[in-house]
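# Examination of the molecular architecture
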Protein chains: 2
Amino acid sequence: MIKRYNYNLLYNTGSIIKNIEEAKDKIIFDYRYDNNKNIFKYEMNKNTIIYGLGENVRGINKRGWVYTSFNTDDPDIHETRSSLYASHNFIIIIDENKKFGAFFDTPSEITFDLGYQDIDCISVETENGLNVYIIEDDSIDGIIKEFREIIGESYIPPFWAFGFCQSRWGYKTKEDVLDIVKNYEINNLPLDSICLDIDCLDNYKDFTFNSSFDNKKDFITELKNKNIRLVPIVDAAIKKDGSYYIYNEMLKNKYYCMDKDSNPYFVGVWPGDSLLPDYLNNNASKWFGSKYKELLDLGIEGFWNDMNEPALFYSRNHVDEVFKYIGEQVGKNFEVEDYFKNKGMVIGLQNNLNYYKELYHNIDGKLIRHYDIHNLYGYKMAEAASLYFKEYNKNKRYLLYSRSSHIGSHRYSGIWTGDNASWWNHILLNLKMLPSLNMCGYMYIGADSAGFGQNTTEDLAIRWAELSIFTPLFRNHSAKGTRNQEYYNFKNIDIFRNILSIRYMILPYLYSEFIKAVKTNSLLYKPLFMEFSNDERTREIEDEIIFGESILLAPIYVQNASGRYVYLPDDYLEVRVKNAKEFITRPLTKGDHYIKMNLDEVVFFIRKGYAIPIYKEFAKNVYDINYDNLSWIKNNDNLYEYTLVDKDDNYRTYKIK
Amino acid sequence: MIKRYNYNLLYNTGSIIKNIEEAKDKIIFDYRYDNNKNIFKYEMNKNTIIYGLGENVRGINKRGWVYTSFNTDDPDIHETRSSLYASHNFIIIIDENKKFGAFFDTPSEITFDLGYQDIDCISVETENGLNVYIIEDDSIDGIIKEFREIIGESYIPPFWAFGFCQSRWGYKTKEDVLDIVKNYEINNLPLDSICLDIDCLDNYKDFTFNSSFDNKKDFITELKNKNIRLVPIVDAAIKKDGSYYIYNEMLKNKYYCMDKDSNPYFVGVWPGDSLLPDYLNNNASKWFGSKYKELLDLGIEGFWNDMNEPALFYSRNHVDEVFKYIGEQVGKNFEVEDYFKNKGMVIGLQNNLNYYKELYHNIDGKLIRHYDIHNLYGYKMAEAASLYFKEYNKNKRYLLYSRSSHIGSHRYSGIWTGDNASWWNHILLNLKMLPSLNMCGYMYIGADSAGFGQNTTEDLAIRWAELSIFTPLFRNHSAKGTRNQEYYNFKNIDIFRNILSIRYMILPYLYSEFIKAVKTNSLLYKPLFMEFSNDERTREIEDEIIFGESILLAPIYVQNASGRYVYLPDDYLEVRVKNAKEFITRPLTKGDHYIKMNLDEVVFFIRKGYAIPIYKEFAKNVYDINYDNLSWIKNNDNLYEYTLVDKDDNYRTYKIK
């Protein structure tokens, strides 16, 4: 059952697509308006669990920290961060005798103190008006299903987007792209797509290619004939450049975010001085969406939207102000506090809150301060593209994933979980976000495998790939200046070849379970406790998840470890895979196990009574997978029925004995 | 057996106190001089383990990363950092059929690539000349013992330094101190010392108190009568202030680090413009050491040396240069690359390598570039103090611990492991550094409990305290601007009271094992594999350690976890402690266990055949412990003999049945 409570709703986010009558009773939280804030409190008991909050730090159980939804570009993702790139304001509270979901529907900053200030108390606080949706159901699945129904069906990408993608910030020329293709080919590594990052643009201008990309259409076609697709980046801001027609159109039509006097508000991002398109303005949004045509017409079928929190390196006005002040400090015998103030002013130029407060949107002729609807910016950018794709070809699925997001954008795009690092604990963070993101509607998801920032190690790249083969988006992506981490740059290319083959081996199951999870509003990735709520041992498990209907994943995320503890909440079949063609199995009973997992082995577990479809050949890309030649790994004694959704979304029912 | 190999030794670090003849044979590494570097390579096999490197990131097994010894003040301690506050250039390599220790004796930057560039290869590289000591022995204990013998006996602090210490950057006045004392008293929490951080100084001037501390001597005495000691900070640099006699003495005698023309080289640190004393100059060192007299005469018995990497916020010359340049950028329509260059110049003011290359020491009349002996600075600062303490009162032990260190300083002081964060994985890092530090001679060690940087949570503070009660230095310390984390500021003060009581309960064992480990050049904390080398399962264990002769520690370091896996390499007795007076025991057999550990329980394990002495009362400070009234927790069937070193360092032998 869903109830809506209205607290002077400021702005309709569009996150909810169903009309829910306003409830007249008292909300389950202890609500008060105090100190200019809407405050929702809830007393926890010792065993209260809190799920949700999508893209965030810390555990699957979010208890014990304070999280703030305020989309922020900061690649230093550690456990005391409060805001990442997304706002996913849905939580599920599970007490011994009560469970309910709560969606805080607001475009503004909102803080979830889940036992930080007071270890036993939840306090959700926000300055602006909002709607709160309370969802009660007997089961956690039921709560999630009802929530997912009111936020609308999740985005589904094209089939090829489930193949492996190579990416790196720093690829610049057509030759760079050809070099990657060549290296993947000569090393017999599969490849379905290559991302083009900002250096491939002409001077950071959206929807362009730099001059190295001659004969673009032919080049794109040529690669597509090899089943390799190029996926260009689209950054949120548009370069200030009088010779750039998109800039000129935006300027002419006032499709930009503006200052309070409706003048263009110049910000600094990758293209230098730039303007932010006003994605919340309907006409601007339609106009921007239509710009994808340039690339669609060339045969491009996938895009990634970046810098759309929006990330701002500076604003034109503030940078001059600060630099002037700094220049005036020369020769002053300042106290150390002044020195830090000076330094802080320069560092504080990036993503300064003042910019967000000085920026305005023109919504139906009314100026709305950006700060108040900040969290919708990336969401509305994705919507702009997605709605245009439908217009361009309503029968085709396009790949789109975004860095910034807010519940609602899950209908239009996938997400990658932002600028992570080559840290072992980010493998675990990757795992822990999967169920949380699913709860919030995000199904096409993945983390930059092997890590974006910092230098990776070969074993980290291997171990991370051993998880990424099980996530819908599997992209090896890294930052400029870090170690080259294309798999062919490492010593044990054979290990990577084997692991990648397992991606395609498992893909029939992955794709099928993905589609079914989208269509039934259920989870592709589940915390163990959701499936085995009567098993107290599963309550705290944070390093294993259930993947689809029958697989349990428990990857290695510790360096130099060749084994780990695994708790099995039922009898399972251990599947120890070397590559798509070679694996061995062993039945394991419910309980604790210490399982060896060497660097060159992928180990997963299939629940008793189930079987999974696999493709038992080395594939070069997703189109190599022959759906008429699938095999099965069986852990069933009795007849077992599996409904497979094939690559064309046909439902095929198999009876497995 | 120890062999010394000389590669154009640049400078005698003093780390080694025994004269080892130069070996004539070929070193065990594959040595070459290439590209102006001494390079030492070693091929690993699949199971090679590398121990050592003292204060560092990552595992007890250091394999799989590249570490650079170059003492650096940067509080962002994550797994892709390469340099922390210390240089501990001793490693132990353990192959299946070979094991040896290697000490790279150099005051300069040196890099240990332990399987980073090539996953199977060790490569140690340094530009300057050095001595390499190779230690071979049948056992790992033997290698460590021989190494510890040639670097000299480790520092021993006074007995009271094993009590609990409260600290925070931000305590400023006498009233702040009294407030802490009062809160510890009214909450019945034990307390042995309080650290005074930089705000307690008069304008950041070393060896001073600000004006709030009137009647200093009386105040110090008054607190000491309660068995609470004040432990002031001593920062490396001296404020430029013509009214400060220490500055004037330094200037007059040229006891400062200078530029290449022997002029004072002004740097910016907490006191603003400052000079660095030349601790490598004998006269300057003696002069600086004697300044501790000011505080010793007041009754102070403990100090902590800080900022001695040395940390430098700016140099006077560079800051003006950079600020001038920034001022000139106003109004320029720069490309984003230029913006980042500008910003980078400001950020790059801190700890800029150029300063270290422009600074010189005057050693026996010869100018030596600081950069080449950089890693000795903190070590020599500790030596200066320590040698003076001996002069001041040769029969007394003083507390001294330092942030920066280099092997050699272990003879003069303890260390804390620098500016960590309130991160759960820093509890584990704390655990993992303990054996590595012991290998390098550092015995009086501890991490800032509950975390220095970032905001802590109550459960993190509890869990961290549950480890810190077992480390020689147990200090709750935090950064200005972070959440107040004195234990009385949390909700469950009773839990903290109980945990603190366990510190004093275990102290007779801790102190006794500490002294014996120092005197026998052995480890107080051991990786399990060192004790149980025939048990392959212990090879990879990174979250349990052996503490003293019989205890196994396996703390919780994951939020919301009320249990964890523990591998016991022998039969052990589980000891589940609520407080000094209440505990229950349960025998456990060798093997894997999932052990419940609620937030309010400290669980440790005593090996079969052993017993440990405890003090079974609540103590207010270390002097409350009555050594004539000790109890025992026994896990022995047969007669067991324990040699206890009591608080006066008397050896008492107990026969336990």
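Please read these numbers as outputs of a predicted model, since none were measured by experiment.

Cut-offs applied
Residues numbered from 1 in each chain as written. Chains lettered and ligands numbered in written order. Predicted model: local features only at pLDDT ≥ 70, side-chain atom pairs only at ≥ 80, totals over all residues. Heavy atoms only, no water. Helix = DSSP H or I, 4+ residues; strand = E, 2+ residues; numbered from the N terminus. Buried < 20%, exposed > 50% of the residue type's maximum accessible area, 1.4 Å probe, protein only. Contact = heavy atoms within 4.5 Å. Salt bridge = Lys/Arg side-chain N within 4 Å of Asp/Glu carboxyl O. Polar contact = N/O pair within 3.5 Å; in protein donor to acceptor, adjacent residues only side chain to side chain. Nonpolar A, V, L, I, M, F, W, Y, C, P; charged D, E, K, R; others polar. Least-squares fit on C-alpha atoms with pLDDT ≥ 70 in both. pLDDT = per-residue confidence, 0-100. Core = buried A, V, L, I, M, F, W, Y, C linked by side-chain atoms within 4.5 Å. Expected span 1.5 Å × (residues − 1). Bend = angle between axes of the 7 residues up to and from the residue. Pairing = 2+ DSSP bridges. Lys, Arg positive; Asp, Glu negative; His and termini not counted. Axes fitted to C-alpha atoms, helices over the stretch in contact; angles between N-to-C directions. Parallel < 35°, antiparallel > 145°, perpendicular 65-115°, else oblique. Left-handed = near helix turned anticlockwise from the far one by under 90°. Phe/Tyr/Trp six-rings, centres within 6.5 Å; stacked < 30°, edge-to-face > 60°. Disulfide = S-S within 2.5 Å.

### Overview of unusual backbone geometry
Residue and element names in this part refer to chain A.
- Along the chain, Glu-309 connects to Pro-310 via a cis peptide bond; the corresponding omega equals -10°.
- On the secondary structure map, Pro-310 appears in the loop between strand S18 (302-306) and strand S19 (314-315).
- Unlike most non-glycine residues, Asn-35 shows phi in positive territory, near 55°.
- With respect to the helices, strands and loops of the structure, Asn-35 is situated in the loop between strand S2 (30-34) and strand S3 (37-43).
- For Asn-35, a relative accessible area of 69% puts it in the exposed group.

### Quick word on the interface of chain B and chain A
- If you look at the interface, chain B gives 76 residues, while chain A gives 76 residues.
- At the junction of chain B with chain A, the criterion picks out 4 salt bridges.
- The salt bridge partner of Asp-118 of chain B is Lys-491 of chain A, with a shortest N-O separation of 2.8 Å.
- Summed over the shared surface of chain B and chain A, the result is 36 residue pairs in polar contact (both at pLDDT 80 or more).
- Those elements that provide at least two residues to the side of chain B that touches chain A are strand S17 (272-275), helix H7 (316-327), helix H8 (336-347), helix H12 (424-439), helix H13 (458-468), strand S31 (563-568) and strand S34 (591-596) of chain B.
- Top contributing element to the side of chain B that touches chain A by residue count: H8 of chain B, with 8 residues.
- In terms of residue class, the side of chain B that touches chain A is made up of 27 nonpolar, 25 polar and 24 charged.

### Some thoughts on the relation of the copies chain B and chain A
- After a rotation of 180° and a shift along the axis of 0.0 Å, chain B superposes on chain A with an RMSD of 0.0 Å. Taken together, the turn and the small shift mark the pair as related by a two-fold rotation axis. Closest to the rotation axis within chain B is the C-alpha of Gly-327 of chain B, separated from it by 1.8 Å.
- When you check the interface residues of chain B against chain A, 100% turn up at the interface there too, and the contact is symmetric in its surfaces.

### Looking at the confidence of the model for chain A
- For chain A, per-residue confidence averages 97 on the pLDDT scale, and 100% of positions sit at 70 or higher.
- For this predicted complex, the interface confidence score (ipTM) comes to 0.97, while the overall pTM stands at 0.98.

### Brief notes about the nonpolar core
- The biggest cluster of nonpolar side chains holds 465 residues, and the ones touching the most others in it are Phe-29, Phe-104, Tyr-292 and Phe-604 of chain A together with Phe-104, Tyr-292 and Phe-604 of chain B.
- The residues contacting Phe-104 of chain B, other than those within four sequence positions of it, are Phe-29, Phe-40, Asn-89, Ile-91, Ile-110, Phe-112, Val-124, Leu-130, Asn-131 and Val-132 of chain B.
- Ile-546 and Ile-556 of chain A together with Phe-532 and Val-603 of chain B belong to the second-largest nonpolar core, a separate cluster that totals 36 residues.

### A look at helix H14 (residues 493-519) of chain A
Residues and elements named next belong to chain A.
- Helix length check: H14, at 27 residues, gives a terminal C-alpha distance of 38 Å against a target of 39 Å (1.5 Å per residue), a fit within 8%.
- The sharpest bend along H14 reaches about 50° and sits at Ile-506, with the proline Pro-508 one to four residues further on.
- Backbone geometry just downstream of H14 places Asn-521 in the positive-phi region, at approximately 50°.

### Remarks on the environment of Thr-13 of chain B
Residue and element names in this part refer to chain B.
- Of note, Thr-13 is situated in the loop between strand S1 (2-7) and strand S2 (30-34).
- When the C-alpha atoms of Thr-13 and Lys-380 are compared, they prove to be 9.6 Å apart, with 367 residues separating the residues in sequence.
- In contact with Thr-13, other than residues within four places in its own chain, are Asp-105, Thr-106, Pro-107, Leu-376, Tyr-379, Lys-380 and His-406.

### Comments concerning the sheet that holds strand S15 (residues 238-239) of chain B
Residues and elements named next belong to chain B.
- Taking strand neighbours across the sheet as the criterion, the 4 strands line up as S15-S17-S16-S19 in an open arrangement whose pairing is antiparallel. For this open sheet the edge positions go to S15 and strand S19 (314-315), each flanked by a neighbour on one side alone.
- Pairing geometry for strand S16 (residues 267-269) and S17, over 3 bridges, is antiparallel. Considered in S17, the bridge of Val-267 is made with Ser-274.

### Let's talk about the pattern of salt bridges
- Counted by the stated rule, this structure contains 100 salt bridges over all chains.
- Put simply, Lys-226 of chain A and Glu-185 of chain A hold a salt bridge, and the shortest N to O gap is 2.9 Å. Of this pair, Lys-226 of chain A sits in the loop between helix H3 (216-225) and strand S14 (229-235) while Glu-185 of chain A sits in helix H2 (residues 174-186); the two residues are 41 residues apart in sequence, bridging distant segments of the chain.
- When its relative accessible area of 38% is taken as the criterion, Lys-226 of chain A is described as partly exposed.
- Note that Arg-652 of chain B and Asp-646 of chain B form a salt bridge whose closest N and O atoms lie 3.0 Å from each other.
- The class of Asp-646 of chain B is buried, set by a relative accessible area of 2%.
- Through salt bridges with shared partners, a single ionic network connects Asp-73, Asp-306, Glu-309, Arg-403 and Asp-419 of chain A.

### Here we look at the side chain of Arg-4 of chain A
All names here are of chain A.
- Within the element layout of this structure, Arg-4 appears in strand S1 (residues 2-7).
- For the buried Arg-4, no salt bridge exists, and the shortest N-O distance to an oppositely charged side chain is 4.4 Å, to Glu-22.
- Polar contacts involving the side chain of Arg-4 include one to the main-chain carbonyl oxygen of Ile-20, which spans 2.7 Å.
- Here Asn-131 takes part through its side chain, which lies 3.3 Å from a polar atom of the side chain of Arg-4.
- Non-local contacts of Arg-4, meaning those with residues more than four positions away in its chain, are made with Ile-20, Glu-21, Glu-22, Ala-23, Asn-131, Val-132 and Tyr-133.

### Considerations on the sheet that holds S3 of chain A
Residue and element names in this part refer to chain A.
- Spatially, 5 strands are ordered S2-S3-S10-S9-S5 in an open sheet, and the strand pairing comes out antiparallel. For this open sheet the edge positions go to S2 and strand S5 (65-69), each flanked by a neighbour on one side alone. Strand-to-strand twist across the sheet, computed as the mean angle between neighbouring axes with direction ignored, equals 15°.
- The sheet contact formed by S2 and S3 spans 5 bridges and is antiparallel. By the bridge assignment for S3, Arg-32 is matched with Ile-39.

### Quick notes on the packing of helix H8 (residues 336-347) of chain A against H8 of chain B
- Axis separation between H8 of chain A and H8 of chain B bottoms out at 10 Å; the angle between their running directions is 155°. Classified by the angle their axes make, H8 of chain A and H8 of chain B are roughly antiparallel. Between H8 of chain A and H8 of chain B lies a crossing whose hand is left-handed. Where H8 of chain A approaches H8 of chain B, its residues Lys-343, Val-346 and Ile-347 of chain A are matched on the opposing element by Tyr-339, Lys-343, Val-346 and Ile-347 of chain B.
- Grouping the constituent residues of the contact of H8 of chain A with H8 of chain B by class yields 5 nonpolar, no polar and 2 charged.

### A word on the packing of aromatic side chains
All names here are of chain B.
- Enumeration over the complete set of coordinates arrives at 133 aromatic pairs over all chains.
- Where Tyr-31 meets Phe-40, the ring centres are 5.0 Å apart and the plane angle is 45°; that geometry is what we call tilted.
- The class of Tyr-31 is partly exposed, set by a relative accessible area of 28%.
- Ring centres 6.4 Å apart and planes at 10° place the aromatic pair Trp-169 and Phe-452 in the stacked group. In this pair, Trp-169 sits in the loop between strand S12 (164-166) and helix H2 (174-186) while Phe-452 sits in the loop between strand S26 (448-449) and H13, placing the two residues 283 residues apart along the sequence.

### Some remarks on the packing of helix H13 (residues 458-468) of chain A against H14 of chain A
All names here are of chain A.
- Taken N-terminus to C-terminus, the directions of H13 and H14 make an angle of 10°; their axes are 9 Å apart at the nearest point. Accordingly, the angle class assigned to the pair H13 and H14 is roughly parallel. Crossing angle aside, the handedness with which H13 passes H14 is left-handed. Of H14, the residues touching H13 (which contributes Glu-458, Ala-461, Ile-462, Ala-465, Glu-466 and Ser-468) are Ile-495, Phe-496, Ile-499 and Arg-503.
- Residue composition of the contact of H13 with H14, grouped by class: 6 nonpolar, 1 polar and 3 charged.

### Here's the deal with the environment of Asp-535 of chain B
- When you line up the elements, Asp-535 of chain B lands in the loop between helix H15 (528-531) and strand S29 (545-547).
- Through-space distance from the C-alpha of Asp-535 of chain B to that of Pro-569 of chain B is 7.3 Å; in sequence the pair is 34 residues apart.

### Considering H7 of chain B
- Between the first and last C-alpha of H7 of chain B there are 17 Å, a value that for 12 residues agrees with the 16 Å anticipated at 1.5 Å per step.
- Taken as a whole, H7 of chain B has its buried residues at Arg-316, His-318, Val-319, Asp-320, Val-322, Phe-323 and Ile-326 of chain B.
- Buried residues along H7 of chain B sit in contact with helix H7 (316-327) and H8 of chain A together with S17, S19, H8 and helix H9 (353-358) of chain B.

### Some thoughts on the side chain of Ser-501 of chain B
All names here are of chain B.
- Inspection of the secondary structure puts Ser-501 in helix H14 (residues 493-519).
- Among the residues examined, Ser-501 registers a relative accessible area of 1% and is labelled buried.
- In terms of polar contacts, Ser-501 uses its side chain to reach the backbone amide nitrogen of Ala-580, at 2.9 Å.
- Residues contacting Ser-501, with those up to four places away along its chain left out, are Asn-579, Ala-580 and Phe-618.

### Observations regarding the state of the cysteines
- Going through the model one piece at a time under the given rule, you end up with 0 disulfides over all chains.
- Cys-200 of chain A forms no disulfide, and the closest cysteine sulfur to it belongs to Cys-195 of chain A, at a distance of 9.9 Å.

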